[in-house]
Amino acid sequence: MRNVTVAATQMIGGWNVDENIARGEKLVRQAAAQGAQIILLQELFERNYFCQKQKEQYLDFATTVEENPAIRHFQAIAKELAVVLPISFYEKAGNCFYNSIAVLDADGSLLGVYRKSHIPDGPGYSEKFYFTPGDSGFKVWQTRYAKIGIGICWDQWFPECARSMALMGAELLFYPTAIGSEPHDASVNSRDHWQRTQQGHAAANLVPLIASNRIGVETEDDFAITFYGSSFIANEYGAKVQEADENSEAVLVHTFDLDEVAQNRRGWGVFRDRRIDLYQPLLTKDGFTQQGGN
């Protein structure tokens, strides 16, 4: 038996970085008090989701890993509480800007950085203006408590991302997120689709999944997004074992026996029976044309 307790959180945003870091710390402390050992905060929690509009002045929000205030702050919190914290931040690296995650181990040490691979672009979600497509590749980290894989928001719609992390040995999948209404079409509600997609990743890979989203209405000029929360934890069969509502600040906590999960994963044989000799179309854009040739 190897029990690991995880937590998903959700909170409202705001433009004041110090206030948002304090909000995040409060949730981390609440989760730790309930026994959580690996605690997930939402995507880009330092400030409002600034990607609704293309504004050059917002590029100034990016910082290096060493200069980022959230990373510095939560390194001390991780060490104090002996918890693992994936910290989302806007990274500046040379002339490039990334949507990144810094993984802090339970002693406060920085295990590494993952840079968001899939960058969306659409009304209200103009991320291609702000972020360079990540060059880190998918990553997993051996933390004090478990080997974890982390994708960021739009990554969660791609089964290749989750499968890659599972193949690399991830025992738990984490997805910090910022998703809500569509400013150009109020009739679109992706909440259930968003959950089901990730539940499918958990079920297909037999790996528990933890997703954190933000809540509240954020306005930028003539656009507004209502972030629908609904953060959740799914078990290795894709069933939701914890779920937040669409409006409230929340801390969700659940314990998994990772030895039992691993036994269930072996029993289903989905990795034993993979046919990598047949998956060439996955390495093409159109299903037929290989990169660099016919």
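A quick note: this is a predicted structure, and the numbers were derived from the prediction, not measured. (Residues numbered from 1 in each chain as written. Predicted model: local features only at pLDDT ≥ 70, side-chain atom pairs only at ≥ 80, totals over all residues. Heavy atoms only, no water.)

1. Describing the sheet that holds strand β12 (residues 232-234)
Strand pairing within a sheet occurs via backbone hydrogen bonds; the two strands may be parallel or antiparallel.
Part 1 of the argument: An order of β6-β7-β8-β9-β12-β13 is seen for the six strands of this open sheet, with the pairing classed as mixed. On the outer flanks of this sheet lie β6 (140-142) and β13 (240-243), each paired with one strand and no other. Neighbour-to-neighbour, the strand axes of this sheet turn through a mean angle of 20°, independent of strand direction.
Part 2 of the argument: As paired elements, strand β7 (residues 147-150) and strand β8 (residues 172-176) share three bridges and run parallel to each other. When the bridges of β8 are listed, Ile148 appears paired with Leu172.
Part 3 of the argument: Across the face of the sheet, helix α4 (residues 159-167) comes into contact with β6, β7 and β8 while running at roughly 140° to β8. (Pairing = 2+ DSSP bridges. Helix = DSSP H or I, 4+ residues; strand = E, 2+ residues; numbered from the N terminus. Axes fitted to C-alpha atoms, helices over the stretch in contact; angles between N-to-C directions. Contact = heavy atoms within 4.5 Å.)

2. A word on the packing of α4 against helix α5 (residues 191-205)
Part 1 of the argument: Where α4 contacts α5, the axes come no closer than 10 Å and their chain directions differ by 35°. Crossing of α4 against α5: the hand is right-handed. Within the contact between the two elements, α4 uses Pro159, Ala162, Arg163 and Ala166 and α5 uses His201, Ala204 and Asn205.
Part 2 of the argument: Split into classes, the residues belonging to the contact of α4 with α5 amount to four nonpolar, two polar and one charged. (Left-handed = near helix turned anticlockwise from the far one by under 90°. Nonpolar A, V, L, I, M, F, W, Y, C, P; charged D, E, K, R; others polar.)

3. What about the pattern of salt bridges?
Part 1 of the argument: This structure, assessed with the given rule, holds 19 salt bridges.
Part 2 of the argument: Between Lys55 and Glu220 there is a salt bridge; the shortest N-O distance is 2.5 Å. Residue Lys55 is located in the loop between β2 (38-40) and α2 (69-81), and its partner Glu220 is located in strand β10 (residues 215-220); the two are separated by 165 residues in the primary sequence. With respect to burial, Lys55 and Glu220 carry one shared label: buried.
Part 3 of the argument: A salt bridge links Glu243 to Arg191, with the nearest nitrogen and oxygen atoms 2.5 Å apart. Placement of Glu243 in strand β13 and of Arg191 in helix α5 is noted, with a sequence separation of 52 residues between them.
Part 4 of the argument: For Glu243, a relative accessible area of 34% corresponds to the partly exposed category. (Salt bridge = Lys/Arg side-chain N within 4 Å of Asp/Glu carboxyl O. Buried < 20%, exposed > 50% of the residue type's maximum accessible area, 1.4 Å probe, protein only.)

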